[in-house]
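Take a look at the letters that make up each chain.
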Amino acid sequence: MGISGAQQHRHRLRLFLSPPRRISKTPFPLLNITLTLASLLFLFPAVAGDLYSLVYKGCANQTLSGNGAAYVQPLAALSSALTARAASAKFYKTTTTSSAGGGRPLFGLFQCRGDLPPSDCSACVGRVLLMWTSLCGTTAAAARVQLNGCYALYQSSGFPQVSGTQMLYKTCGSGRGGGGFEVKRDTAFAQLQSGIAGGQGFYATSYASVYAMAQCEGDLSAGDCSECVAQAVQKSEVECGAAASGQVYLDKCYISYNYYANGVPHGDNSSGGGGQTEKTVAIVVGGAAGVGFLVICLLFARSVLKKRDDY
């Protein structure tokens, strides 16, 4: 019996839509694609924003006794002691002594940003400690290196101390905020000072289109922290004026603020570039969700075709 034209057409259509048998029985390639796209999202915490970008370095003009030879071992020991605590603490300070004659004790500490998870804190500290010698050499009597996500410092015993509210570094954005920006910024600053008084040592807030953050050194009392942040806010208003962004670093605390013309991105919690990071993650998540939806549709279509084949 001959095959009608309609039957031939349905047969050709079924061959076109149905994948080869060996593929239909093994749908793992689609699963692998989905898992690969999802796994990419977990790479972002390690590279998100610019946690490891250098903000500033401070290298003492004074040199260690003996051109630093007596401090090679204690400086390495200090770095090891700080590294060991970075996975379990966001702030730690300690002192090491030199086994060589004439060496003075070395004091050091690290401080991670209050919103960093332990893994990011540990990674940040691991990087910043390497920068002591790479940026300041091996003979500086003191060194301080600030990254966006953490900072670390060391100094030899007897090194001159400075006021906790002395300004070490500031940077102000080149652009200016929109209409009513200074009122919005001042309101965000007021919320920041109120929040930091809670005694946590870290606080972030946003008002209208302004995001602000404050961080105090880990062993600062609540009162001293509040005073330090108040000084940083005042210096920011004077130094940066109507600039749309700024960062002011004092010896014992620092603040940052950013103005976003289109509104503060949800979840922004970093200084410098946090908003862009949030947008990048959102794009990747959206892309993965779109591909996932397409995979589901393809699987559903194949299931429908298989059921039709069974009838």
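Residues numbered from 1 in each chain as written. Predicted model: local features only at pLDDT ≥ 70, side-chain atom pairs only at ≥ 80, totals over all residues. Heavy atoms only, no water.

The name given to the chain in an unreviewed UniProt entry is Gnk2-homologous domain-containing protein, with the source organism recorded as Ensete ventricosum.

This paragraph deals with the state of the cysteines. Throughout the structure, instances matching the rule amount to six disulfides. Along the chain, the cysteines that take part in disulfide bonds pair up as 1-5, 2-3, 4-6, 7-11, 8-9, 10-12, counted in sequence order. (Disulfide = S-S within 2.5 Å.)

This model, assessed by the stated rule, comprises nine aromatic pairs. Judged by centre distance (5.1 Å) and plane angle (20°), the rings of Tyr56 and Tyr169 are stacked. On the criterion of sequence distance, the pair formed by Tyr56 in strand S1 (residues 54-59) and Tyr169 in strand S6 (residues 167-172) is long-range, its members being 113 residues apart. Exposure remark for Tyr56: the relative accessible area of 8% places this residue in the buried category. Tyr169 gets classed as partly exposed once you look at its relative accessible area, which sits at 28%. Pairwise contacts between aromatic rings join Tyr56, Tyr169, Tyr249 and Tyr254 into one cluster. Over the ring of Tyr151 we find Arg144; its NZ or CZ atom is 4.4 Å from the centre of that ring. (Phe/Tyr/Trp six-rings, centres within 6.5 Å; stacked < 30°, edge-to-face > 60°. Helix = DSSP H or I, 4+ residues; strand = E, 2+ residues; numbered from the N terminus. Buried < 20%, exposed > 50% of the residue type's maximum accessible area, 1.4 Å probe, protein only. Lys NZ or Arg CZ within 6 Å of the ring centre and 35° of its normal.)

Another point: the packing of helix H5 (residues 72-85) against helix H6 (residues 118-136). Helix-helix packing: each pair is described by the crossing angle between the helix axes and the interaxial distance. Taken N-terminus to C-terminus, the directions of H5 and H6 make an angle of 165°; their axes are 10 Å apart at the nearest point. Classified by the interaxial angle, the pair formed by H5 and H6 is roughly antiparallel. The two elements H5 and H6 meet at a crossing, and its hand is right-handed. In this structure, H5 uses Leu75, Leu78, Ser79, Leu82 and Thr83 to contact H6, whose residues at the interface are Val125, Leu129, Trp132 and Thr133. Taken together, the residues of the contact of H5 with H6 sort by class into six nonpolar, three polar and no charged. (Axes fitted to C-alpha atoms, helices over the stretch in contact; angles between N-to-C directions. Parallel < 35°, antiparallel > 145°, perpendicular 65-115°, else oblique. Left-handed = near helix turned anticlockwise from the far one by under 90°. Contact = heavy atoms within 4.5 Å. Nonpolar A, V, L, I, M, F, W, Y, C, P; charged D, E, K, R; others polar.)

Here the focus is the sheet that holds strand S7 (residues 202-207). Spatially, the five strands line up as an open sheet ordered S6-S9-S10-S8-S7, and their pairing is antiparallel. At either margin of the open sheet sits one strand with a lone partner, and together these are S6 and S7. Going from strand to strand, the sheet's axes swing by 5° on average, the running direction of each strand aside. In the sheet, S6 pairs with strand S9 (residues 245-250) via five bridges, with the strands oriented antiparallel. Paired with Cys172 across the bridge in S9 is Gly246. Each of S7, strand S8 (210-216) and strand S10 (253-259) touches helix H7 (residues 181-196); the most contacted strand, S7, lies at about 150° to it. Seen against the sheet, helix H8 (residues 222-240) touches S6, S8, S9 and S10 and runs at an angle of roughly 45° to S10. (Pairing = 2+ DSSP bridges.)

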